[in-house]
Amino acid sequence: MSNPAASHKPKLSDPTLGLSSWCWALFQGVRDPYIILITIYVFVPYLVTSVIADPVHGQAIVASGAKYAGWGVMLTAPLLGATVDRMGSRKPWLAAVVALMVPLIMGLWWAKSDGSGLSVPLIVAMLALISVLFSYTETLHNALLIPAAGMKHAGAASGLGLALGNFISVMMLAFVMWAFALPGKVDWAFVPSQPLFGLDVLSHQPDRIVPILVGTAFLLGALPLFRFVPDVPATGVRLLKAIRMGIADLKLLFSQARGHRDALTYLAARMLFTDGLTGILIFAGIYAAGVMGWRSLELLAYGMLLSIFSVFGGLAAGWLDGRIGPKLALKFEIAGVILSQLLSLGNTPHLLFYQAYDPTTHVPLWNGPLFRTAPEIGLIVCGFLGAMTVTAAYSSSRTLLTRLVPPEKIGIFFGLFVIAGTATMWLGPLLVQLATDLSGSQRIGLLPISGLLVAGLLTLQFVKGGGALPTR
């Protein structure tokens, strides 16, 4: 039987992306809102401030869950990728992961603040399991890029996926704000007078509906990939044999990387600074909710603004990579992330960039429904810098690897690149958990993130190469 997606697969001479490329990119577009809406800006901050009802203790609990998720990814994701490579076809595996993820995401609806729903340990365990499954989708989805777009259009399809992820996230944030957060708080003609669907604000249903929306969008948006994206042909290798062969492939991967000092030093640096970047994504919303007391409306607006600035960060990274080279660009970007993080910790209702601020003696900056004080604006400005530099750092880190290794070994080192990004992703949450528990402070608890970024930046100093390409 012929594959219905085959006729849509882009050929090398195609001037534009084909249907399979768009379907591949759409999968990422509907998957990424989980990170934006649930992990960063809406659900997890609600969990910390309303279910756990203690921002400091809640930050430590979330960090503990992220730590266990990091261990799970470290121990299983590389072997999953190697095993699937030996078996060939990716779509059945990806379908199984999606089938597990969607009910877990939607099940977060029962995370009730009055304690009548899911227990806190169960909620954190669900989030940790979803995080591991999310990592699996990245591995399997990326492996379908070439079948979907071909070599010529792989870069364009990859960029399209990132763009759709940001665009759909912003649209969903805007909808949640219009439909659930603003009603009853502003008297604007275009805003409903009450939350849609009759949701009850007192029981936090507007916060709890977000996982339902995210899960539904993920399920519906994933379907075109399974219909129109060609799969890698199955090899016929059985599972147990594929696992044994995958283990052997991983050993060979490490052995073939020997002798490339600069590339290996860079991967060591990446393990450190990627932990820091991941930590910012996990804890940015928790910090804003706990320290500033922001709730759904403020966090939704914050997320929309920062997601827009993330787009500019991606564009700036490409420009910097071309002008000064990806290594120097990455150094500037990581330094910008560190500066943003440290300045953010200097903004609380009683601090403005570490200077004492008395909210009772300062009039509001404006009469709008949110972000009325100078510390709030200061935190947002720091967030703008962080959003741009975090996105740019992720982009330049990928480009830098291509400048440090021989073209014939790029596949080997991108395999190690993925492993380096997951091997220590538990370290940042573990350090945040320990620092938060020991200090009893959200601000001090987040300082290890900056420490990981500084360690990664210092390690980068020992990497040679990665400069701008010569111009003709």
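Here is what the cut-offs are and how they apply
- Residues numbered from 1 in each chain as written.
- Predicted model: local features only at pLDDT ≥ 70, side-chain atom pairs only at ≥ 80, totals over all residues.
- Heavy atoms only, no water.
- Helix = DSSP H or I, 4+ residues; strand = E, 2+ residues; numbered from the N terminus.
- Rg over C-alpha atoms; globule rule 2.2 N^0.38 Å.
- Buried < 20%, exposed > 50% of the residue type's maximum accessible area, 1.4 Å probe, protein only.
- Axes fitted to C-alpha atoms, helices over the stretch in contact; angles between N-to-C directions.
- Parallel < 35°, antiparallel > 145°, perpendicular 65-115°, else oblique.
- Left-handed = near helix turned anticlockwise from the far one by under 90°.
- Contact = heavy atoms within 4.5 Å.
- Nonpolar A, V, L, I, M, F, W, Y, C, P; charged D, E, K, R; others polar.
- Pairing = 2+ DSSP bridges.
- Expected span 1.5 Å × (residues − 1).
- Lys, Arg positive; Asp, Glu negative; His and termini not counted.
- Salt bridge = Lys/Arg side-chain N within 4 Å of Asp/Glu carboxyl O.
- pLDDT = per-residue confidence, 0-100.
- Patch = residues over 30% accessible without salt bridge, like charges linked within 9 Å, V, L, I, M, F, W, Y side chains within 5 Å.
- Areas by Shrake-Rupley, 256 points an atom, 1.4 Å probe, with all protein chains shown as cover.

**A short note on the overall build of the protein chain**
When its secondary structure is counted, the protein chain shows 17 helices and three strands. By the compact-globule yardstick of 23 Å for 472 residues, the protein chain fits well, its C-alpha radius of gyration being 22 Å. Along the first, second and third principal axes, the C-alpha atoms of the protein chain reach 65 × 50 × 45 Å. Looking at the 472 residues of the protein chain, the share that counts as buried comes to 54%.

**Some thoughts on the packing of helix α5 (residues 91-107) against helix α8 (residues 205-228)**
At a minimum axis distance of 8 Å, the contact between α5 and α8 shows a crossing angle of 165°. Our classification of the angle between α5 and α8 gives roughly antiparallel. For the element pair α5 and α8, the recorded crossing hand is left-handed. Contacts between α5 and α8 involve Lys91, Leu94, Ala95, Val98, Met101, Val102, Ile105 and Met106 from the former and Pro211, Ile212, Val214, Gly215, Thr216, Phe218, Leu219, Leu225 and Phe226 from the latter. Taken together, the residues of the contact of α5 with α8 break down into 14 nonpolar, two polar and one charged.

**A word on the side chain of aspartate 321**
With respect to the helices, strands and loops of the structure, aspartate 321 is situated in helix α11 (residues 296-324). The residues touching aspartate 321, leaving out its near neighbours within four places in the chain, are Pro326, Ala329, Ser396, Thr399 and Arg403.

**As for the sheet that holds strand β3 (residues 355-356)**
The strand order across the open sheet formed by three strands is β1-β2-β3, and the pairing between neighbours is antiparallel. Unpaired on one side and paired on the other, β1 (347-348) and β3 mark the two borders of the sheet. In this sheet, strand β2 (residues 351-352) lies alongside β1 in antiparallel orientation, the contact comprising two bridges. Of the residues in β2, the one forming a bridge with threonine 348 is leucine 351.

**So, the environment of cysteine 23**
Along the chain, the position of cysteine 23 falls in helix α1 (residues 19-31). With 198 residues separating them along the chain, cysteine 23 and glycine 221 place their C-alpha atoms 8.3 Å apart. The contacts of cysteine 23, once residues within four sequence positions are left out, are Pro224, Leu225, Phe228 and Val229.

**Remarks on helix α15 (residues 427-439)**
With 13 residues, α15 should cover 18 Å at 1.5 Å per step; its first-to-last C-alpha distance of 18 Å lies within 8% of that length. Packed against the buried residues of α15 are α4 (55-87), α10 (261-292), α16 (442-445) and α17 (447-460). Where α15 ends, the next residue or the one after it, glycine 440, has phi of about 65°, a positive value.

**Here's the deal with the side chain of lysine 67**
With respect to the secondary-structure elements, lysine 67 resides in helix α4. For the buried lysine 67, which has no salt bridge, the nearest side chain bearing the opposite charge is aspartate 437, at an N-O separation of 8.0 Å. For lysine 67, the contacting residues outside a window of four places in its chain are Trp426, Pro429, Leu430 and Gln433.

**A look at the pattern of salt bridges**
The final tally for this structure, using the stated rule, is four salt bridges. The salt bridge involving arginine 86 is made with aspartate 249; its shortest N-O contact spans 2.7 Å. With arginine 86 in helix α4 and aspartate 249 in helix α9 (residues 239-256), this residue pair connects regions lying 163 residues apart in the sequence. A residue is classified by how much of its surface remains accessible, and arginine 86, at 30% relative accessible area, is partly exposed.

**Quick word on the packing of helix α12 (residues 326-344) against helix α13 (residues 374-404)**
It is at 8 Å that the axes of α12 and α13 come closest, and there the two elements cross at 155°. As far as their axial angle goes, α13 and α12 are roughly antiparallel. Seen along the crossing, α12 lies across α13 with a hand that is left-handed. Here the residues of the contact of α12 with α13 sort into 13 nonpolar, eight polar and three charged.

**Considering the confidence of the model for the protein chain**
Averaged over the protein chain, the pLDDT score is 86; the fraction of residues at 70 or greater is 94%. Confidence over residues 1-15 falls short of pLDDT 50; this stretch has 30 contacts with residues more than four positions distant or in other chains.

**Structural notes on unusual backbone geometry**
Here phenylalanine 353, not a glycine, exhibits a phi torsion of approximately 50°, which is positive. Turning to its location among the elements, phenylalanine 353 is positioned in the loop between β2 and β3. Judged by its relative accessible area of 34%, phenylalanine 353 is partly exposed.

**A few points about the environment of valine 337**
Tracing the backbone shows valine 337 in helix α12. Distance in space between the C-alpha atoms of valine 337 and threonine 389 is 5.6 Å, their sequence separation being 52 residues.

**Describing a nonpolar patch on the surface**
Together, Phe175, Trp178, Trp188, Phe190 and Phe197 make up a nonpolar patch on the protein surface, roughly 560 Å² of accessible area in all. Structurally, phenylalanine 175 can be placed in helix α7 (residues 145-181).

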